[in-house]
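Structural characterization, general
Given next are the chains, with one letter for each unit.
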Amino acid sequence: MNSVETKPASNRDILSSLLILTGFIMLSLFVGQLLGFVAVLPITGFDLEKMTAMMTHPAAYPEAKLILLIMQAGATLFGFILAPILHRRLIDRRPGSPWFQRQSLDVRLLLAVIAISIAFMVANSVIIEWNMNIDLGRFSTSFEEWARAKEDQLSELTQLITRFDSPGGLLAGLVVIAVLPAIGEEIVFRGVLQRKLQDLTGNHHAAIWLAALLFSAIHLQFYGFFPRLLLGALFGYIYYWSGNLWYPVLAHLVNNGFILVMLYLYQQKATGIDMEATDAVPWSAALTAVVVGSALLFYFKRSFEPHQDG
């Protein structure tokens, strides 16, 4: 890490940088979706009325899935990849990138991250089932109605864009839903936000959990909030221990990609495991996953202890 990277910044500078980054991301998301919108207009014959109807009721239009994937790809590329890179160069005025370090990758640790991610998915199914069944009516009926409506809306959209009729469709889905978000979201939430929050708070645990909280909150799914919070924290600790964003990117990619592949196999009747089901695995499987995952996390952390302090 160069001397420019380690130059201390005041809390005011950090907060200002984060505020500007938020603006960069929001503007870039808009630009990315707009460019995606323009790119898909030929698919609808430049019919703006039809395009609006597709965005409102995508399930009613067979071509809506391709349109949504293109627009999502544009938003991710601009909002979560280009925006933080431009912010780093133009606002923070720091050349290069401290995020990715290919020379320090270890195959054994990459395999450990893959195994950790799969074990986490198994164990996290218990939290998924618990979160989906939280009764909010006794606290706020209006919020529960909003949360359930949002959950149903996003569930319908997710089911649409994760229905694959061919290996080519699966490949396109993996790029847009797994690869690009894994890179972009890890750059923003771990590479930028977590680092700045650690500088701001002076506590890496606080930084990891605050970044994970924001990571979960932006998905606007209360009934998936806690599982995603834990997932974000897992990515955060993997990044903190290693100092290399490739490891949490791989964990993120495995999480999203494994689900997509299993959905495709289920749709092709090649497996009986339905990844869209919210039922938890048996407790014996969950406990085994916790033990195995914890042991692998300990191994991963120990591998970097000479290079970091916690």
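Refer to the structure printed above.
**Quick word on the overall build of the chain**
Secondary structure summary: the chain contains 10 helices and 0 strands in total. Counting from the amino terminus, the chain carries its helices and strands in the arrangement α-α-α-α-α-α-α-α-α-α. Relative to the 2.2 N^0.38 estimate, which gives 19 Å for 310 residues, the radius of gyration of the chain is 20 Å and therefore close to what a compact globule would have. Across its three principal directions, the C-alpha atoms of the chain cover 55 × 50 × 45 Å. Burial status across the chain gives 41% buried among its 310 residues. In the chain, the share of contacts with a sequence separation of at least 24, taken over all contacts with a separation of at least 6, comes to 74%. When the accessible surface of the chain is totalled, it reaches about 16,300 Å², and 65% of it is carbon and sulfur. For the chain, the distance from the average position of its 21 positive side-chain charges to the average position of its 23 negative side-chain charges is 11 Å.

**Here we look at the side chain of asparagine 256**
Considering the arrangement of structural elements, one finds asparagine 256 in helix α9 (residues 246-267). In this structure asparagine 256 comes out as buried when scored by relative accessible area, which is 18%. Engagement of the side chain of asparagine 256 in a polar contact is seen with the side chain of asparagine 255, the distance being 3.1 Å. Sequence-distant contacts of asparagine 256, defined by excluding residues within four places in its chain, comprise Ile177, Ala178 and Pro181.

**Considerations on the environment of glutamate 63**
For glutamate 63, the location among the structural elements is in the loop between α2 (48-56) and α3 (64-90). Judged by relative accessible area, glutamate 63 falls into the partly exposed class, the value being 23%. Considered as a pair, glutamate 63 and threonine 44 are 19 residues apart in the sequence and their alpha carbons are 8.5 Å apart. With residues up to four places along the chain from it excluded, the contact list for glutamate 63 reads Ile43, Lys50 and Met54.

**Things to note about α9**
In an α-helix, one full turn covers 3.6 residues, which means residues spaced three or four apart are oriented alike. Its 22 residues give α9 an end-to-end C-alpha distance of 31 Å, which sits within 8% of 32 Å, the value for a rise of 1.5 Å per residue. Looking one or two residues beyond α9, the residue adopting positive phi is lysine 269, at roughly 60°.

**Here we look at the environment of isoleucine 67**
Positionally, isoleucine 67 belongs in helix α3. Once the C-alpha coordinates of isoleucine 67 and glycine 36 are considered, the two residues, 31 residues apart in sequence, prove to be 8.0 Å apart. Dropping the residues within four chain positions of it, isoleucine 67 is found in contact with Val40, Ile43, Thr44, Met51, Met54 and Met55.

**As for the packing of aromatic side chains**
Throughout the structure, instances matching the rule amount to 12 aromatic pairs. Ring centres of phenylalanine 143 and tryptophan 146 lie 5.7 Å apart, and the angle between their planes is 35°; this geometry places the pair in the tilted category. You can see phenylalanine 143 and its partner tryptophan 146 sitting in helix α5 (residues 141-161), 3 residues apart, about one turn around the helix. Residue phenylalanine 143 is classed as partly exposed on the basis of its relative accessible area of 34%. For the ring pair phenylalanine 300 and phenylalanine 304, a centre distance of 5.1 Å and an interplane angle of 55° mean the geometry is tilted. Judged on exposure class, the residue phenylalanine 300 and its partner phenylalanine 304 are both buried.

**Looking at helix α8 (residues 225-242)**
Over its 18 residues, α8 extends 26 Å from the first C-alpha to the last, a length consistent with the 26 Å expected when each residue adds 1.5 Å. Counting buried residues in α8 gives 16 out of 18 residues, a clear majority hidden from the surface. Phi turns positive one or two residues past the end of α8, at glycine 243, with a value near 70°.

Rules of the game
- Residues numbered from 1 in each chain as written.
- Predicted model: local features only at pLDDT ≥ 70, side-chain atom pairs only at ≥ 80, totals over all residues.
- Heavy atoms only, no water.
- Helix = DSSP H or I, 4+ residues; strand = E, 2+ residues; numbered from the N terminus.
- Rg over C-alpha atoms; globule rule 2.2 N^0.38 Å.
- Buried < 20%, exposed > 50% of the residue type's maximum accessible area, 1.4 Å probe, protein only.
- Contact = heavy atoms within 4.5 Å.
- Areas by Shrake-Rupley, 256 points an atom, 1.4 Å probe, with all protein chains shown as cover.
- Lys, Arg positive; Asp, Glu negative; His and termini not counted.
- Charge placed at Lys NZ, Arg CZ, Asp CG, Glu CD.
- Polar contact = N/O pair within 3.5 Å; in protein donor to acceptor, adjacent residues only side chain to side chain.
- Expected span 1.5 Å × (residues − 1).
- Phe/Tyr/Trp six-rings, centres within 6.5 Å; stacked < 30°, edge-to-face > 60°.

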